[in-house]
Number of protein chains: 4
Amino acid sequence: MIKVGIIGANGYTGFELMRLLSSHPGAEVVFAASRSLAGQKVADTYPTLKGFYGDMLYEDVDLKRAAKCDVVFACLPHGQSAEICGKLIDGGTKVVDLSADYRYDDIDLYEKTYKIEHPRKDLAKEAVYGLPEYNRDKIAGARLIGNPGCYVTASVLALRPLTEAGIINKRTVIIDAKSGTSGAGRKGDVAYNFNEVDGNFKAYGVTTHRHTTEIEEKSGAVVTFTPHLLTIKRGILATVYCDLIGNEKDVDAAYARYEKEPFVHYLGSALPDIKTAAGSNCCYIGAKYEEKTGRLIVVSCIDNLIKGASGQAVQNMNVMFGLPETTGLPRVGFHL
Amino acid sequence: MIKVGIIGANGYTGFELMRLLSSHPGAEVVFAASRSLAGQKVADTYPTLKGFYGDMLYEDVDLKRAAKCDVVFACLPHGQSAEICGKLIDGGTKVVDLSADYRYDDIDLYEKTYKIEHPRKDLAKEAVYGLPEYNRDKIAGARLIGNPGCYVTASVLALRPLTEAGIINKRTVIIDAKSGTSGAGRKGDVAYNFNEVDGNFKAYGVTTHRHTTEIEEKSGAVVTFTPHLLTIKRGILATVYCDLIGNEKDVDAAYARYEKEPFVHYLGSALPDIKTAAGSNCCYIGAKYEEKTGRLIVVSCIDNLIKGASGQAVQNMNVMFGLPETTGLPRVGFHL
Amino acid sequence: MIKVGIIGANGYTGFELMRLLSSHPGAEVVFAASRSLAGQKVADTYPTLKGFYGDMLYEDVDLKRAAKCDVVFACLPHGQSAEICGKLIDGGTKVVDLSADYRYDDIDLYEKTYKIEHPRKDLAKEAVYGLPEYNRDKIAGARLIGNPGCYVTASVLALRPLTEAGIINKRTVIIDAKSGTSGAGRKGDVAYNFNEVDGNFKAYGVTTHRHTTEIEEKSGAVVTFTPHLLTIKRGILATVYCDLIGNEKDVDAAYARYEKEPFVHYLGSALPDIKTAAGSNCCYIGAKYEEKTGRLIVVSCIDNLIKGASGQAVQNMNVMFGLPETTGLPRVGFHL
Amino acid sequence: MIKVGIIGANGYTGFELMRLLSSHPGAEVVFAASRSLAGQKVADTYPTLKGFYGDMLYEDVDLKRAAKCDVVFACLPHGQSAEICGKLIDGGTKVVDLSADYRYDDIDLYEKTYKIEHPRKDLAKEAVYGLPEYNRDKIAGARLIGNPGCYVTASVLALRPLTEAGIINKRTVIIDAKSGTSGAGRKGDVAYNFNEVDGNFKAYGVTTHRHTTEIEEKSGAVVTFTPHLLTIKRGILATVYCDLIGNEKDVDAAYARYEKEPFVHYLGSALPDIKTAAGSNCCYIGAKYEEKTGRLIVVSCIDNLIKGASGQAVQNMNVMFGLPETTGLPRVGFHL
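Residues numbered from 1 in each chain as written. Chains lettered and ligands numbered in written order. Predicted model: local features only at pLDDT ≥ 70, side-chain atom pairs only at ≥ 80, totals over all residues. Heavy atoms only, no water.

A.B. asks: I tried to follow the relation of the copies chain B and chain C on my own but got confused; where do I start?
C.D. replies: In this structure, two copies of a chain are linked by a rotation about an axis accompanied by a shift along it. Overlaying chain B on chain C yields an RMSD of 0.0 Å, the required transformation being a rotation through 180 degrees with an accompanying axial translation of 0.0 Å. Interpreted geometrically, this transformation is the action of a two-fold axis. Considering only C-alpha atoms, the part of chain B nearest the rotation axis is Thr 231 of chain B, at 3.1 Å. In this assembly the copies share their binding face: 100% of the residues contributing to the interface of chain B also contribute to that of chain C. (Least-squares fit on C-alpha atoms with pLDDT ≥ 70 in both. Contact = heavy atoms within 4.5 Å.)

As structure tokens, then:
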């Protein structure tokens, strides 16, 4: 039984880890830490945890306690995460960091994007980017994983087969992405009040969203990235516009690389919707060619909290600890 | 043109007054005050006000400015409202108070319910309860209106014909009420975050909700009142359980009193839903008798922000100023 | 590995069985039948099934095929189900019937409620009511289970401890219940179009809903039952009004019977909301006493598709086949 | 008082006309026709119409009855509309056609797009495209108006100032549009069942949507048009990607043409959301320039049922009959 610790357990990705791990046969949460809620019952914040976790308490962020875990999931804001994860690694604990701090190959790009100096450049170089479909072998041997961003997972799984195959113009890519509101986290902010969100839809962070540089680094394309906020809780749909260089058949060939993946499914010219993915750890991808303009329109869907965060983190843990990669991960979404 | 002032204009009832009055042919908003947002554009908080109100600013709560209005709508928390309204009345301005401060006939009951001493008992006695279907004549001559609560409007319009006709047991009434979240106001509170509200439904204030005493005073019944929070923005549906004393036909006769009302519609044994009322200033009522238990089940629906607050306030203004009662008020709901 | 068949697999309860069983370690779906969709891929109707079930097809309702399963879940309309289940039993296959056909002890009451003659009175007598918290031992030895209705599960788990303890007036019970729209099934009907349901809320089947007699038989109370339709997909909240005969402490004592249950949780005077239960196989119950009227107000929540249908069916299967009762069943809800 | 007839009054645009006209001071609905619902009360389909329209019935589509109206709004499917509108015009009645039949300048393009032969090419040439911000003078003298499509209104109001100013590359425009589900109409179709739509989001009609050619004709650009379906009832947000040829300042200059428009508002680099527009007859537009790629990202929002259909139709009627253009039209949205 893998002993799991979660730091920053009070947020939505922390909750989602506790939910997913409640039915994982090879791992159990032994330490759920939250600085702000230390001493309170986890079920006071998430009543649905009562049935399985009973009267478990959030604990303080105590690195000694954390060090007794086999692996720690860090669900902290970028900037804060790097140092804490560093100390855990120094102490010999494996870490999956869900923040942006250990995702970038190019540390300058990280520092420019997040306007922050990286406190552990040594580890930033060592850390492995936790996208198992591309980095499986490295993840297996890693002690520190930079778990990909939600928009990035949806975008890169769609784009990278095309850039690797060299069949699109890498300088004219547009990603028009739409996310459920859980992506904004558990906030007490009028802007996220039900009355303000229900019935609404908006673009935000246009030309300035931080995930842009991570998408560009991991896909190798120059990207105009426009995120929007949906009136749903979970799920991301990214509509990707590329100018095709090769011909249509190259597209299917490029995506054939996912054929044996348990969590990435290419549907040809059938385009997935959010419900196909939401509730599961799967990414679904479809692509359609527009003769008139020579454009390829790719649609990619994931659950932002699962494949876009906590599920992918568990997938990485499975790989790191030699378990079958699908262990304890949902392969069918909620639909309802 | 009636010059209208709104104090506490930044909340949802204040917004709704600005929306309704934008298409009222005989009144215009000349003063929108908000202590917390003074100096900011109204369209910064509610962008949809831009098209009609342009760059209008929220002003500070300046009683001299307010005194130049023909009527002031006070959209303030109970307790704070009584004094400000009192000063406006002292200065000769008519006032419609949307708080609970001037609603009660029994001032002791108010003080017990709200745990507060009433600062203007003189005016509390003079104030007229703003339910036009019962108090039309008094409202016409009033200078201070206590505008009814939202749950109370739905409940009392359903119950009072029955208690006045003496055909139900007044001591065994249960009101199981369900409200849209706009009733909770414009709050930056995790509990009202979209992610927490969407897909949820809950009871709250069970056995303790403050509207209970107002319902009891205005209907003449002893009431178990259980409010619930719906995953919708607008609308209240109250399911009322009464033990019938008279016979079934008495029910239709009792509700016949609404026949000529423009804003209250009795549907017989057809039960209304929230969509029938939401977006309009109308209350719809239906009633069904259960042979097995001798119970009458009455369903009553309103839009909590319109007939339950701002629309009823405008209706009261129309009566106070001698305009046709329906002027500028929506008689058809949104449906969509 | 238990070989599972599902008849009527195209509806929501059928889908939910396929979803739940995709992560059940001791059972697998080997036969998914749907008369109307025979020959089509299950993923054409529910695209999210693609990732796990791949190109599996709905098959025709072939009883020989079904007979090769260890257990069949029947997700058919009442009336149609009795006969098919009967033939399966005759052929030696165990059956969990999710329709109403094998739920009643009193067959006359069934026939009166559903206006139908029961074609297999022999089996109706033998069938065991599948509420494990009350019938665990009988279920273990049964070959035919009548799986409880969704409203009934929420209502009876709340009421039966009180009626068994004799501490409420059994003749004055009111159940004001609210259900998500998945309870109405997968219908192409304007009344369930998103535009008609979103933002709405309504009572339906007032004084006439069929679940009333099942609630009365299983709880031993005379009940006014008023169901309402929520603007959410999953979950039931039942607000139960009883006249308390005993005193307040008796209430906690009565519910103590659930202390060791993995799927029923009593919260004292804290009242659960739908999110506490939705997505899990748990029922949460809270109760509050109103001094003024002597009434007890009980709130009970379940997920209508899980504890109210497919999850409970799997729980029954676990008991029938000697697996730990919680195997493969979610004990933590979605929250998001 | 303008006497208004509505043909196809049972759909959502017909309903919306009845709702808007219920508070229009210079027009009244005297004839509401629906072939499928003739003889039924309008309030049976839309209960909220009860309060204002009482027991009004849908009538059969009787052209003699229609001919007694001053103006008829035709809310019929494309193809069916052309002929009926033609007969009304022949009989001397003015017509606003909400279908696509009289929108195109290029009749060949219409026939190719809708795969239909136009039965009244004579009138198709005479008809005026009902976008008042561009065609006000012609509308004033017209007897037949082709009322623009919803996606087209949002797209063309955003694009045309840019193409007319010649500051974008007209061959590289992408419109990623998102619409509320009321755009799909009042359908009894499983795909629009609440359970299927809530929590979902999808692209549809990718590369093939019919509005593409109308957008291209009215904007003068070659367009990749990708519509998506939102989990909300009302509103369209179009995210438009253009390659800017001129410089940033030209953008503000181009949109200055809307400065005096009551229903089109340019917000500079502030981007509108759906709530800004929904419930009003306004279109809100904002534009942001991306240095890195030279792209201009324009966001445009309308209410698909109001400015995108019935409100614009009333605006056209106001112009045709010499009323102030804003008469009876909402300039403030619902927000809630």
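A.B. asks: Please explain the side chain of Asp 101 of chain B as it appears in this structure.
C.D. replies: Residue and element names in this part refer to chain B. When you line up the elements, Asp 101 lands in the loop between strand E4 (94-97) and helix H6 (107-114). Side-chain polar atoms of Asp 101 contact the backbone nitrogen of Ser 81, separated by 3.4 Å. Leave out the neighbours within four places in its chain, and Asp 101 touches Pro 77, His 78, Gly 79, Gln 80, Ser 81, Ala 82, Tyr 110 and His 118. (Helix = DSSP H or I, 4+ residues; strand = E, 2+ residues; numbered from the N terminus. Polar contact = N/O pair within 3.5 Å; in protein donor to acceptor, adjacent residues only side chain to side chain.)

A.B. asks: Sorry if this is basic, but what is going on with the interface of chain B and chain C here?
C.D. replies: As a measure of interface size, the accessible area lost when the parts come together is often cited. Chain B puts 45 residues into the contact, and the matching count from chain C is 45 residues. Taken together, the two surfaces of chain B and chain C that pack against each other cover about 3500 Å², and 57% of this comes from carbon and sulfur. For the interface between chain B and chain C, the tally reads 4 salt bridges. Salt-bridge contacts for Lys 178 of chain B lead to Asp 176 of chain C; the nearest nitrogen and oxygen are separated by 3.1 Å. Where chain B touches chain C, the interface holds 34 residue pairs in polar contact (both at pLDDT 80 or more). Tallying contributions element by element places strand E7 (residues 173-179) of chain B first for the side of chain B that touches chain C, with 5 residues. In terms of residue class, the side of chain B that touches chain C is built from 19 nonpolar, 13 polar and 13 charged. (Buried area = accessible area lost by both parts, 1.4 Å probe. Salt bridge = Lys/Arg side-chain N within 4 Å of Asp/Glu carboxyl O. Nonpolar A, V, L, I, M, F, W, Y, C, P; charged D, E, K, R; others polar.)

A.B. asks: What exactly am I supposed to notice about the interface of chain D and chain A here?
C.D. replies: At the junction of the two partners, chain D supplies 44 residues and chain A supplies 45 residues. Buried surface at the junction of chain D and chain A, summed over both partners, amounts to about 3500 Å²; 57% is from carbon and sulfur atoms. Between Lys 292 of chain D and Glu 216 of chain A there is a salt bridge, with the nearest N and O atoms lying 2.8 Å from each other. Scanning the region where chain D abuts chain A turns up 34 residue pairs in polar contact (both at pLDDT 80 or more). Of the residues belonging to the side of chain D that touches chain A, the class tally is 19 nonpolar, 13 polar and 12 charged.

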